[in-house]
Amino acid sequence: MAIESLPPASPTPESLALLARLTEAVGISGGEAEVRDIVAEKLDPHAERMEIDALGNLLAFHRAPGDRRPKIMVCAHMDEVGMMISGIDKSGFLRFKPVGGLAIQTLGGRQVWIGREKIPGVIGLPPIHLLSEEKWKSELKVDDLRIDIGASSKEEAEEKVRLGAQVTFATRLHQQEGSIWAKALDDRLGVAILVELFQNPPPGIELLAAFTVQEEVGLRGAQAAAHRLQPDFGLALDCAPARDFPTWEGGKNDRYVSHLREGPAIYVMDGRTIADKRWVDLITRSAQENGIQYQIRQPLSGGTDAGALHLSREGVPSVSLSVPARHLHGPVGLIDVADWRAAARLVYASLANLPASDLWQAD
Amino acid sequence: MAHDVRLFLGELLQLPGVSAYESSVRERIRREWEPLVAEIADSPMGELQALKQGVGPSPRNSVMLAAHMDSIGLMVNGIQGDFLRVQSVGGIDPRVLPGCIVKVHGGRELIGEVFQPPKSCLPEKAQKGAPDLRYLLVDVGLPEAELRAAVEVGDLVTFASPVMDIGTGMLAGPSLDDRASVAALTLCLHELQGRPHAWDLIAVATTQEEVTAVGALHAAYSRRPSLAIAVDVTFGQAPDVPEHQAFPIGEGLTNGWGPNVHPAIFDALQKIADQEGIPITTEVMPGESGTDAELMQTAAGGIPTGVLSIPLRYMHTPVELVSMGEIEAAGKLLAAFVLHLEDDFVQKLSEVHIHGH
């Protein structure tokens, strides 16, 4: 049914500022503290209780209602793909390893931040003037790349950076007309939507918010969080790759995954899970009834926290709802503002409709 | 008040100035140079010529110091669906492009990103190895109709990476090749304020060095200086760069030696650097120097030329890196060189030709 008091269709200055803070935070898998601090600060006035579990997930609870309501775990992962410092050369250049499915071919010529202090560094390439054709025709390999922090010796570098320090792209959020460019939209955008949802929860449900860790290295945080929360239902908020690009030959691109500007993408099946059909129907119906644009994410490989959620304990009916985003896992991604807002509205409408749906009634 | 070179250079680096489209950079330099020189003149080839008069008897000799204000970049050469295709202006390793944030200078300035489409969108031969510029796309986040209204073939695309202060006294960003040297020339002009020199000084911010160097040609041909020095950047030592082809950052400027360089100018730069305590190394240039000095040397019946360079890492990438101290050293050395020019130096220039080095 049509839901009143949906979240706003345009971003507020506060929600934009929050998204900027979240995406500019440095938080690769296993090092999500900066993101968690921001989330905790935003949730604090609204939460009855917050917990940080053994893995670092932030779990937030509202006051438990007196009557039995559907317990819905909504999760968004705080971590991003990035790099980790793995060595320091004699001359002060830093070696690194990728964390998660980083787009290696985007590393050459980039600016990076090291650690929460955001120590600036660059990943340069040799001048093309000095490269053989063979060299510039071979793809970049991580082991050939270094981060330059302007240190002139190993000792100088060691004073600033320790082994294991986390590295992200040095990208500031930029809004241009109807689009937003930022790093780590996967999944700080989901985090931003979940913060907003928690601050203004739909009636009739018990919302269990899980800001998870280590999604990019195997959905690890979500496993522990789902075990702890024991939800009736699970929903993962994430970004879906929008690979809606033309093909070189001009033929139809039949592996687009999702399209930018066509609304949030509902997952039916990915590499990790087949979504609960009742969930899919509930979300599509909620979209239709509330005039919210949506699309079905093309069933292909890949996965979200829903893959871990649905396998928790005796199994949890789960689904993913994602904002289409281009150029994920690289220095800067791109989303459409309307897609973001439609996702925030659609998750709210769907959760508000859940208690009266066959998901809950059949339970 | 001391000239804030970091501030000026930071502003310069944010301006688009792809070869043959240097006007915004030129206007910023003009603003900086105008109070420091007697005359400043435009040219049909776009370079900025500034004259700081000498005090020697007329007709005076003149020294030209040239640094190029243009930079490498990209140009839109096609629109396909919601995306742009680009061609390079100057030499660019395509491997720096995927993931690169760019500015597209169409009807309005747009931020965009270069990317390589997934394999499923590429022909089989482009699915392996390094990216080929031909198959890369630029996304500005607009649907096709809006994109076509905003951008057309021939529009320029520049690296949008912000300037980054790095380590201690180092700077990283696009276009430091060769605006680092423009900053050095500016420092030289500041150094010379209130300090009379015998020769006329013609400071030039040249155009199109990355393609044909026509700006330097025009400046040399139209001014016919007694000698000319190209101020440019050279390869800084960095990972994967052969040590013998590069120079360590922060350990000195380089003084070009080879057929493009007049031996007397080489000697004079070395001597004055030694006197001033400015570290300088010989850079052997057995063929071309790859600088404005090439066309200046053969212009107008021949002009004695020198090449002074600032080591820079990661040349022609969006993260070129220099030491601010070396920009300052270059400015100081150039000023000292101008102050030391006596009338008999012209004699030395021809003696060397007769006796060899």
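Report follows, based on the coordinates. If you're wondering where the values come from, they're calculated on a predicted model, not measured in any experiment. (Residues numbered from 1 in each chain as written. Chains lettered and ligands numbered in written order. Predicted model: local features only at pLDDT ≥ 70, side-chain atom pairs only at ≥ 80, totals over all residues. Heavy atoms only, no water.)

Points about the overall build of chain A
Worth spelling out the cut-off: Strands here are runs of E lasting at least two residues and helices are runs of H or I lasting at least four, both read from the DSSP assignment and numbered beginning at the N terminus. Taken over C-alpha atoms, the radius of gyration is set against a globule rule of 2.2 Å times the number of residues to the power 0.38. Categorising residues by exposure relies on relative accessible area from a 1.4 Å probe, with only protein chains included: less than 20% of the type maximum marks a residue as buried, more than 50% marks it as exposed, and the intermediate range marks it as partly exposed. For this analysis, residues touch if any pair of their heavy atoms sits within 4.5 Å. For every accessible area listed, the method is Shrake-Rupley and the probe measures 1.4 Å; residues are considered covered only by the protein chains on display.
Helix and strand counts for chain A stand at 10 helices and 16 strands. Computed over C-alpha atoms, the radius of gyration of chain A comes to 21 Å, within 12% of the 21 Å expected from 2.2 N^0.38 for 363 residues, which places it in the range of a compact globule. Its C-alpha atoms put chain A at 70 × 50 × 40 Å along the principal axes. The 363 residues of chain A split such that 61% are buried. For chain A, long-range pairs separated by at least 24 residues make up 77% of all intrachain contacts whose partners lie at least 6 apart in sequence. Summed over its atoms, the accessible surface of chain A is roughly 13,700 Å², and 49% of this surface lies on carbon and sulfur atoms.

Considering the interface of chain B and chain A
Interface extent is often summarised as the accessible area lost during association of the parts. Quick note on the threshold: Each of two parts loses accessible area, computed with a 1.4 Å probe, when they are put together; buried area is these two losses added. The term salt bridge refers to a side-chain nitrogen of Lys or Arg lying within 4 Å of a carboxyl oxygen of Asp or Glu. Polar contacts, as counted here, are pairs of nitrogen or oxygen atoms within 3.5 Å of one another; within protein the pair requires one atom able to donate a hydrogen and one able to accept it, and residues that are adjacent in sequence qualify only if both atoms are side-chain atoms. Any residue outside Ala, Val, Leu, Ile, Met, Phe, Trp, Tyr, Cys, Pro, Asp, Glu, Lys and Arg is labelled polar, Gly included; the first ten of those are nonpolar and the last four are charged.
Contact with chain B, which involves 61 residues of that partner, is made by 56 residues of chain A. Across the chain B/chain A interface, buried area totals approximately 4,900 Å², and carbon plus sulfur atoms make up 62% of it. Contact with chain A buries area across many residues of chain B, yet Arg95(B), Cys121(B) and Met164(B) alone supply 14% of it, more than any other trio. If you look at where chain B meets chain A, you find 6 salt bridges. The residue Asp148(A) makes a salt bridge to Arg313(B) at a minimum N-O spacing of 2.7 Å. Linking chain B with chain A are 18 residue pairs in polar contact (both at pLDDT 80 or more), by the criterion used here. Contributing elements (two or more residues each) for the side of chain B that touches chain A: strand S5 (83-89), strand S7 (109-115), strand S8 (137-139), strand S10 (164-166) and strand S11 (170-173) of chain B. Tallied by class, residues from the side of chain B that touches chain A come to 35 nonpolar, 14 polar and 12 charged.

Digging into the nonpolar core
Spelled out, the test is: Among buried residues, those of type Ala, Val, Leu, Ile, Met, Phe, Trp, Tyr and Cys that are joined through side-chain atoms within 4.5 Å constitute a nonpolar core.
Ranked by size, the top nonpolar core spans 81 residues in total, and within it Ile29(B), Trp33(B), Leu227(B), Ile327(B) and Phe337(B) carry the most contacts. With 10 residues, helix H8 (residues 324-340) of chain B is the largest single contributor of residues to this core. Setting aside its immediate chain neighbours within four residues, Trp33(B) contacts Ile40(B), Leu48(B), Ala50(B), Val182(B), Leu185(B), Thr186(B), Leu189(B), Ala203(B), Val204(B) and Ala205(B). Within the second largest apolar cluster, 67 residues are counted, among which are Ile180(A), Phe233(A), Ile266(A) and Val280(A).

Re the packing of aromatic side chains
Put simply, the test is: Two rings from Phe, Tyr or Trp (for Trp, the six-membered ring) form a pair when their centres are within 6.5 Å of each other. A pair whose planes differ by under 30 degrees is stacked, one over 60 is edge-to-face, and the rest are tilted. Whether a charge sits over a ring comes down to the Lys NZ or Arg CZ being within 6 Å of the ring centre and within 35 degrees of the ring normal.
Enumeration according to the criterion identifies 9 aromatic pairs over all chains in this entry. Between Phe233(A) and Trp279(A), the aromatic rings sit 6.4 Å apart at their centres with planes inclined by 85 degrees, giving edge-to-face as the arrangement. Of this pair, Phe233(A) sits in strand S12 (residues 233-241) while Trp279(A) sits in helix H7 (residues 277-289), and the two are 46 residues apart along the sequence. Residues Phe233(A) and Trp279(A) agree in their burial class; the two are buried. An angle of 70 degrees between the planes, with centres 4.6 Å apart, marks the rings of Trp248(A) and Tyr135(B) as edge-to-face. Taken together, the positions of Trp248(A) in the loop between S12 and strand S13 (265-267) and Tyr135(B) in the loop between S7 and S8 put the pair across two chains. Taking relative accessible area as the criterion, Trp248(A) reaches 25% and is therefore assigned partly exposed. Residue placement shows Arg49(A) over the ring face of Phe61(A); its charged tip is 4.2 Å from the ring centre. Over the face of the ring belonging to Tyr221(B) we find Arg224(B), whose NZ or CZ atom lies 4.7 Å from the ring centre.

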